[in-house]
Amino acid sequence: MRAAVIGPECALIAVVLLIYLNQVLFTVYVVRMHGGDASFIARYLPDGWFALADGNPLVRWLAEHFPAPEILAPSVLRVQAFLELPFVLLAFVTVLRWLDRGLYRRVARSPLIRLAAASYTAVFCAAEWDLRNPYTIEDIAIRLVAAVVTPPLIAALGGREREERLPISTSRLVLFGVSLWGLGYLVLVVYDTALLYNLGKLGAELPGAVGASAVLVAVRVAASRFPGRAVAGAAVTIVGNGLRWALALFLIPALAVRYGVNFGSPLLAAAGGGCVLLVAAVRALREGLGARSSGGPAQLFTVAGQLGLAAAAGLAAAYGAVHWVTDTYYEAALLRAMCVFLITAIAVCAATDEGLRIIRTTTAPGDGP
């Protein structure tokens, strides 16, 4: 019998638990060593950080009984400096695995992971320098260590993955879109409540996080039990291949694009993300139309019409998803819009693929009276 494969999801959960453990220990340190006042570090960082959970009874009890609080000094910024890189890289490769296990295996074992680690570390270090504080030099050194040790971990996990590439299907892509929203929501919760040292906000975020977790578990169970092996039509296949290309190409510049909105130029970041999507779209179109080259120009115009209709419907649905809900962070609105766009576009492509299939079947030669 084959041994069970430990996916990046398990490693990601372990890293998240370590992040929250550090938050609890950080609170203990601040309560015992600084009388609950985080201003010794908060004055170096922007507003919106250090909403402590020092009023929580369990945290207060632990703070009162912790035997040597002075040893918890590394919980101030430095532990998070090590854990942030594996957190974001494991989240990314988890998404890759949900879309295509073969792609995840190849990427995890390729130089792309080391390049992504270097790219993300450069962005993190630039942000550290922009927010200079007494721990900046130590944090940068720790981030460099994380950049060395994280890629081999991901490569080892990917090496255990079995080679498998299920055909693209509508059901798998829809489940992937819902999964992407669920994981993205939880990543935003971790950033807001833990990586910004806002453990005191966790109670308010907990109902949404529990709901997103329940949706995510249900969707992943459904994806494992009903993998959707039916081959999709032309438009859905192009969308699926476009997703594969987009994720593979976006791996290295992802964090630079994300941080470019806050620390650089939003227009430049948007242009970079747009270029990645454009290249992915072109590659997917070439692959999809090349596989069906017998259709000639008529096939090209038909697929273009399908994709145009799907894009228009997706944009309309994304617009509604953004404007019907008020968000604290723009990332939450962007995540919801992206997932709604994707699911709507897939549904429209599937509907038009099926409509064309029916038309071709009913008008095929020899079907007349």
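Model, not experiment: these values are computed from the prediction.

A. Representation of the packing of helix H4 (residues 78–99) against helix H10 (residues 234–250) in the model. Contact pair H4 / H10: the axes reach a minimum separation of 11 Å and the direction vectors enclose 160 degrees. The orientation of H4 with respect to H10, classified from their angle, is roughly antiparallel. Crossing hand, H4 versus H10: left-handed. On the side of H4, the interface is formed by Phe92, Val95, Leu96 and Leu99, while H10 contributes Leu243, Arg244, Leu247 and Phe250.

B. Inspection of the packing of helix H5 (residues 101–108) against helix H7 (residues 136–159) at higher detail. The N-to-C vectors of H5 and H7 enclose an angle of 140 degrees; their axes lie 8 Å apart at closest approach. The angle between the axes of H5 and H7 places the two elements in the oblique class. Once H5 is placed against H7, the crossing between them reads as left-handed. When H5 is examined against H7, the residues Tyr104, Arg105 and Ala108 are found in contact with a partner set consisting of Ile154, Ala155, Leu157, Gly158 and Gly159. Of the residues assigned to the contact of H5 with H7, the class counts are five nonpolar, two polar and one charged.

C. Region of the structure containing the packing of aromatic side chains. Throughout the structure, instances matching the rule amount to nine aromatic pairs. Measuring from ring centre to ring centre gives 6.5 Å for Tyr29 and Phe40, while their planes differ by 65 degrees; the resulting arrangement is edge-to-face. Pair noted here: Tyr29 is in helix H1 (residues 8–34) and Phe40 is in helix H2 (residues 39–42), with a separation of eleven residues, a long-range link. An aromatic cluster of at least three residues, connected via ring pairs, comprises Phe26, Trp49, Phe50 and Tyr197. Over the ring of Phe124 we find Arg143, and its NZ or CZ is 4.7 Å from the ring centre. The ring of Tyr259 carries the charged tip of Arg258 above its face, separated from the ring centre by 5.4 Å.

Rules used in this analysis
- Residues numbered from 1 in each chain as written.
- Predicted model: local features only at pLDDT ≥ 70, side-chain atom pairs only at ≥ 80, totals over all residues.
- Heavy atoms only, no water.
- Axes fitted to C-alpha atoms, helices over the stretch in contact; angles between N-to-C directions.
- Helix = DSSP H or I, 4+ residues; strand = E, 2+ residues; numbered from the N terminus.
- Parallel < 35°, antiparallel > 145°, perpendicular 65-115°, else oblique.
- Left-handed = near helix turned anticlockwise from the far one by under 90°.
- Contact = heavy atoms within 4.5 Å.
- Nonpolar A, V, L, I, M, F, W, Y, C, P; charged D, E, K, R; others polar.
- Phe/Tyr/Trp six-rings, centres within 6.5 Å; stacked < 30°, edge-to-face > 60°.
- Lys NZ or Arg CZ within 6 Å of the ring centre and 35° of its normal.

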